[in-house]
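Residues per chain, in single letters:
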Amino acid sequence: MEANRVYNFNPGPAMQPLEVLKEAQAEFLNFGGSGESIIEISHRAKEFDAVLNQAKADILELMKLGDDYDVLFLQGGASMQFAMVPLNYAVDGKVGNYVVSGSFAEKAYKEADLLGVGHIAASSKDVDFRHIPTQDEIKLSDNAAYLHVCYNNTIYGTEYHYIPETGNVPLIADMSSDMLSRPLDFSKFTLIYAGAQKNLGPAGVTVVVAKKDFLAKSPKTIPTMLRYSIHAEKNSAYNTPPAFCIYMVGKTAAWLKAQGGLEVMAERNAKKAKLVYDVLDNSDGFYKGHADKDSRSFMNVTFRLPTEDLEKKFVEEAKAHQLCGVKGHRSVGGMRTSIYNAMPMEGVERLADFMEKFKKANA
Ligand SMILES: *Cc1c(COP(=O)(O)O)cnc(C)c1O
């Protein structure tokens, strides 16, 4: 860790791999000997094409997906996907099905509801989103267009530990906060999307990974920019794509490959999460986790302290230890420590150590 940098536990924009930042810095003025910066190059230039296509290939390789899947780089954030999914697929009398497991999951459902095509297939709202609904709780409607799940609930700190079985109904997942953090059988998903600013790079691009035949299905009656089919046909360059963001996502994917891929990341992420959860579990109730144990997230650890005054003190003292961004979302309160791929083990060790000392001093 560089002496002048902090460990950033913010949920997103979040910490990015130092190697990636340095590489981008080194080639910022002269990309690949072109005499131009990556942000000055034409998005039609072959140099940029190569960057985009390499990023796509690396993402598919990391996810162990074949050429029946495509990767798109879109704008409008994950929030735009909340609208694009029902606009493209909950059509011809079909119904968008949703598991409401947290704030973003609910926002996704609400976009479908605005269009009059949403159905809540399961919800854990009545228990403050402390757990992920189980397979048995999911009740699909008739004529389901898809089942939409939010795979990691960034605000509540819960994550799926199973892949919902949906039969012939396409499974769609918002993986904004756990994309490329562990291996899964991604072929069970028809469409996956993720805003980049948590686990993949800078804010400004959303990565969509989906089956090609599904992407081809968009109705011709919706605005062009909202059609998946157009973005797929034009290789994400129907209009000017967010070139710098795509370049950074590409560098992050290459970095993940160099680390050893998703198996290695999963092992590291599980170790990091265990360090923090062990502190919660061995604190005699000083730290109270929000998530039920069987739904705990590897990416966002949410917990409360005995009083709000202690929570304020915790945030301030953490900052003095180069531990930043630990304050929780207002809807849960308390703390949230986001420990994505780029958070080094030393950052989490330092956090766990700080938490132990804080407890001893204040319990
Ligand atoms: C952050 C987040 C979003 C919102 O992403 P934007 O890119 O800001 O629209 C959606 N879903 C999840 C799971 C998130 O963590």
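Conventions adopted
Residues numbered from 1 in each chain as written. Predicted model: local features only at pLDDT ≥ 70, side-chain atom pairs only at ≥ 80, totals over all residues. Heavy atoms only, no water. UniProt positions renumbered as here; feature names shortened; annotations may be inferred. Helix = DSSP H or I, 4+ residues; strand = E, 2+ residues; numbered from the N terminus. Patch = residues over 30% accessible without salt bridge, like charges linked within 9 Å, V, L, I, M, F, W, Y side chains within 5 Å. Areas by Shrake-Rupley, 256 points an atom, 1.4 Å probe, with all protein chains shown as cover. Salt bridge = Lys/Arg side-chain N within 4 Å of Asp/Glu carboxyl O. Lys, Arg positive; Asp, Glu negative; His and termini not counted. Charge placed at Lys NZ, Arg CZ, Asp CG, Glu CD. Buried < 20%, exposed > 50% of the residue type's maximum accessible area, 1.4 Å probe, protein only. Pairing = 2+ DSSP bridges. Domains from an automatic or database assignment. Contact = heavy atoms within 4.5 Å. Buried area = accessible area lost by both parts, 1.4 Å probe. Polar contact = N/O pair within 3.5 Å; in protein donor to acceptor, adjacent residues only side chain to side chain. Right-handed = clockwise from strand over helix to strand, strands pointing away.

**A short note on the UniProt feature "domain: Aminotransferase class V" (unreviewed entry) in the protein chain**
Okay, step 1: Mapped onto the present numbering, the UniProt feature "domain: Aminotransferase class V" (unreviewed entry) falls on residues 6–351.
Okay, step 2: Its end C-alpha atoms 12 Å apart, residues 6–351 is made of 34% helix and 17% strand.

**Side note on a negative patch on the surface**
Okay, step 1: A surface patch of like charges, here negative, comprises Asp126, Asp128, Asp136 and Glu137.
Okay, step 2: Within the fold, Asp136 resides in the loop between β4 (118–123) and β5 (144–150).
Okay, step 3: Asp136 sits in the exposed class, given a relative accessible area of 64%.

**Comments concerning the sheet that holds strand β14 (residues 335–338)**
Okay, step 1: Strand order across the open sheet formed by three strands is β11-β12-β14, with antiparallel pairing between neighbours. Looking at the sheet topology across the chains shown, the edges are occupied by β11 (288–289) and β14.
Okay, step 2: Two elements, β11 and strand β12 (residues 300–304), share two bridges in a ladder whose sense is antiparallel. Its bridge partner lying in β12, Lys288 is registered against Arg304.

**A few points about the domain arrangement of the protein chain**
Okay, step 1: For the protein chain, the assigned domains are domain 1 (26–259) and domain 2 (261–362).
Okay, step 2: The distance between the C-alpha centroids of domain 1 and domain 2 comes to 27 Å.
Okay, step 3: The partner domain 2 presents 28 residues to the 29 residues of domain 1 that form the contact.
Okay, step 4: Taking both partners together, domain 1 and domain 2 bury about 2400 Å²; carbon and sulfur atoms supply 53% of that area.
Okay, step 5: The largest contributions to the domain 1 side of the interface with domain 2 come from Arg130, Ile155 and Gln259, which together make up 23% of the buried area.
Okay, step 6: Applying the counting criterion to the domain 1 and domain 2 interface returns one salt bridge.
Okay, step 7: When the shortest N-O distance is used, the salt bridge between Glu263 and Lys64 registers 2.9 Å.
Okay, step 8: Between domain 1 and domain 2 we count 18 residue pairs in polar contact (both at pLDDT 80 or more) in total.
Okay, step 9: Among the secondary structure elements, those contributing two or more residues to the side of domain 1 that touches domain 2 are β7 (158–159) and α7 (243–259).

**Re the pairing of β4**
Okay, step 1: Judged from the five bridges that link them, strand β3 (residues 95–100) and β4 form a sheet pairing that is parallel. Within β4, the residue paired with Gly96 across the bridge is Gly118.
Okay, step 2: In this fold, the crossover linking β3 to β4 by way of helix α4 (residues 103–114) has right-handed handedness.

**A closer look at the pattern of salt bridges**
Okay, step 1: Applying the stated rule across the entire model yields 15 salt bridges.
Okay, step 2: Put simply, Asp58 and Lys257 hold a salt bridge, and the shortest N to O gap is 2.8 Å. A residue pair is termed long-range when its members are at least 10 positions apart, and Asp58 in helix α2 (residues 46–62) and Lys257 in helix α7 qualify at 199 residues.
Okay, step 3: Assessed through its relative accessible area of 5%, Asp58 is described here as buried.
Okay, step 4: Given the relative accessible area of 33%, Lys257 is considered partly exposed.
Okay, step 5: It is possible to trace a salt-bridge network through shared partners that takes in Glu23, Glu27 and Lys251.

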